[in-house]
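Notes for the structure review
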Amino acid sequence: MANNIIWQPQPQQKKFMERPEFECLYGGAAGGGKSDALVAEALRQIHIPHYKGLILRRTYPQLSELIDKSLLLYKRAVPGAAYNTTTHTWTFPTGAKIVFGSMNRKQDRINYQGKAYDFVGFDELTHFDNDEYTYLYSRARPNGPGTRVYIRATTNPGGRGHGWVKERFITAAPPLTPISQAVTIKTPDGGSIEVMRKRIFVPATVFDNQKLLDNDPGYIATLGMMPEAEKRALLYGDWDSFSGQVFTEFRNDPEHYADRLHTHVIDPFEIPGHWPIYRSFDWGYAKPFSCGWYAVDNERRIYRIRELYGCTGTPDTGVKWEVGQVAEAIREIEDSDIFLKGKHIHGIADPAIWQVDGKAKGKSIADIFAGYRIWFDKGDHTRIPGKMQCHYRLRFDDRGVPMFYVFNTCKHFIRTIPNLIYSETDPEDVDTTCEDHIYDEWRYMNMQHEIAAEELRPTRNIDHRNIDDPLNMVREQQKARLRRYEYV
């Protein structure tokens, strides 16, 4: 009987294939048997004649590996199954179909317009944008009675979609914990229907793939010898570290929010009255606008203390507020916030807001803001020098004190900055297709307060335990240095 088994899921793959939720993400590290499980899962309903499944990769060359897997499995598992190399479609004796597709360009989504798929599978989901995923989400619908409609995905950390995938599946709940999302839909007769959708993340690493470890014992060593960021992501499934990440220095350690050491994210504190306050702004309409407020201490250290981010809740999607609506929101915050009210606030913005739109009766965005007593100077939007200023600010000295902090209430900064990746066409710059609007206005702020790399030389930290200091003078000097960072 064992010889008749063509493929059998391993324990973690079995957990993935047994999940009842509408959406399930599997993997999160290399070598977990993700693609095999996805290709096998698509076979579940081929006994139903009108069943139609879709398996996607970003590009066709990437898709070819999945097709090769299907050629090894499908013909052996289902005698009479036929693969059409032109349409990349498997047809089974019942009439059921599994299609292999790609979406290399935004316009490729039109290839799936008007089509229905009972099963939609994404391999390497972080290679897709959120809007591409949600578009195919709408294609998940039954082709006839009796089919189960659901979505499955696999991925490693990293890639252009890292941020939205992490937010949707990883940070939303612990692994193997269902995430429920209620949606209220208005009906034409004025009533409403409440619909519940569930999703879940099933983790898997190479340690869950015993077959791979038996076939290639050296594979785990290959992963272990990779650079630290890649090793943490691919070997251990660390979603805070991945290949191509721009700001690898960024640290968010809740255990140090209070002492502010070896972390950039900190607890809010009362801003001393003599610290200057700045407002930095990047305009957006269909894409989010970003407004950040910053304080600067006596040592030129910058603190992001508040933010207003024009995002709908769907990553990188703007609220489409008119200029006056944005200005009113900024004015309300500055008139009511205890750290901003009554303060002289220095404004910095993207020079593009001084461009005059003919539809605005000769007024620029900057002109409209001025009517609400919100003024800006033109920021320096030079890209590479600005990016380097961000790196300089994030660097820790030997005490674990950086030149930039962000209050833990600035959730969108904390979400988007670690997810930025490098551009494929300009390897020194940030990929502008990422959700980079907060990064842009943060960059304007840092360029307003440039620091040199040599200013960040590590200071010598004396180990008082190894010297003769009977009066504790060295110890007290060390404490005094640290007290400079006690702000309240």
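Residues numbered from 1 in each chain as written. Predicted model: local features only at pLDDT ≥ 70, side-chain atom pairs only at ≥ 80, totals over all residues. Heavy atoms only, no water.

Once that is clear, we can look at the overall build of the chain. A tally of helices and strands in the chain yields 14 helices and 16 strands. Along the longest, intermediate and shortest principal axes, the C-alpha atoms of the chain span 80 × 70 × 45 Å. Within the chain, the proportion of its 488 residues that are buried is 50%. For the chain, restricting intrachain contacts to residue pairs at least 6 apart in sequence, the fraction spanning at least 24 positions comes to 69%. As displayed, the chain offers around 23,600 Å² of accessible surface, 52% of which is attributable to carbon and sulfur atoms. If the 63 positive side-chain charges of the chain are averaged to one point and the 65 negative ones to another, these points end up 4 Å apart. (Helix = DSSP H or I, 4+ residues; strand = E, 2+ residues; numbered from the N terminus. Buried < 20%, exposed > 50% of the residue type's maximum accessible area, 1.4 Å probe, protein only. Contact = heavy atoms within 4.5 Å. Areas by Shrake-Rupley, 256 points an atom, 1.4 Å probe, with all protein chains shown as cover. Lys, Arg positive; Asp, Glu negative; His and termini not counted. Charge placed at Lys NZ, Arg CZ, Asp CG, Glu CD.)

A word on the sheet that holds strand 12 (residues 290-296). Each strand in a sheet pairs with its neighbour through backbone hydrogen bonds, running either in the same direction (parallel) or in the opposite one (antiparallel). Across the sheet, which stays open at both edges, the seven strands sit in the order 10-16-13-12-11-14-15 with mixed pairing between neighbours. The outermost strands of the open sheet, each flanked by one partner alone, are strand 10 (265-266) and strand 15 (377-378). Summarising the sheet, strand 12 and strand 13 (residues 302-309) pair through seven bridges and their orientation is antiparallel. Of the residues in strand 13, the one forming a bridge with Ser-290 is Tyr-309. Docked against the sheet, helix 13 (residues 437-448) engages strand 11 (277-282), strand 12, strand 13, strand 14 (345-349) and strand 16 (404-407), running at close to 135 degrees with respect to strand 11. (Pairing = 2+ DSSP bridges. Axes fitted to C-alpha atoms, helices over the stretch in contact; angles between N-to-C directions.)

All right, on to the side chain of Arg-393 then. Tracing the backbone shows Arg-393 in helix 11 (residues 383-394). For the buried Arg-393, no salt bridge is present, and the opposite-charge side chain at shortest range is Asp-297, 7.0 Å distant. In terms of polar contacts, Arg-393 uses its side chain to reach the backbone carbonyl oxygen of His-449, at 2.6 Å. Residues contacting Arg-393, with those up to four places away along its chain left out, are Arg-300, Arg-301, Ile-302, Pro-402, Met-403, Phe-404, Asn-446, His-449 and Ile-451. (Salt bridge = Lys/Arg side-chain N within 4 Å of Asp/Glu carboxyl O. Polar contact = N/O pair within 3.5 Å; in protein donor to acceptor, adjacent residues only side chain to side chain.)

Two quantities define a packed helix pair, namely the angle between the axes and the distance from one axis to the other. Between helix 1 (residues 11-18) and helix 2 (residues 34-41), the least distance of the axes is 10 Å, while the angle of their chain directions is 40 degrees. When the axis of helix 1 is compared with that of helix 2, the two are oblique. Crossing hand, helix 1 versus helix 2: right-handed. Between helix 1 and helix 2, the residues in contact are Gln-13, Phe-16 and Met-17 and Asp-36, Ala-37, Leu-38, Ala-40 and Glu-41, respectively. Of the residues that constitute the contact of helix 1 with helix 2, the class distribution is five nonpolar, one polar and two charged. (Parallel < 35°, antiparallel > 145°, perpendicular 65-115°, else oblique. Left-handed = near helix turned anticlockwise from the far one by under 90°. Nonpolar A, V, L, I, M, F, W, Y, C, P; charged D, E, K, R; others polar.)

On to the confidence of the model for the chain, then. This prediction gives the chain a mean pLDDT of 90; 91% of its residues lie at or above 70. Here residues 458-467 is modelled with pLDDT under 50, and outside its nearest four sequence neighbours on either side it reaches 16 contacts, counting other chains as well. Counting interchain partners and residues more than four positions distant, the pLDDT-below-50 stretch residues 480-488 has 25 contacts. (pLDDT = per-residue confidence, 0-100.)

Inspection of the entire model under this criterion finds 29 aromatic pairs. Ring centres 6.1 Å apart and planes at 70 degrees place the aromatic pair Tyr-133 and Tyr-137 in the edge-to-face group. With a gap of four residues between them, Tyr-133 and Tyr-137 both fall in helix 4 (residues 130-137), about one helical turn apart. Here Tyr-133 falls in the buried class, since its relative accessible area comes to 1%. When the centroid spacing of 6.4 Å and the interplanar angle of 40 degrees are considered together, the rings of Phe-281 and Trp-283 count as tilted. Put simply, the rings of Phe-22, Phe-122, Phe-128, Tyr-133, Tyr-137 and Trp-164 pair up and form one aromatic cluster. Against the face of Phe-269 rests Arg-260, its NZ or CZ located 5.5 Å from the ring centre. When the ring centre of Phe-376 is taken as reference, the NZ or CZ atom of Arg-279 above it lies at 4.9 Å. (Phe/Tyr/Trp six-rings, centres within 6.5 Å; stacked < 30°, edge-to-face > 60°. Lys NZ or Arg CZ within 6 Å of the ring centre and 35° of its normal.)

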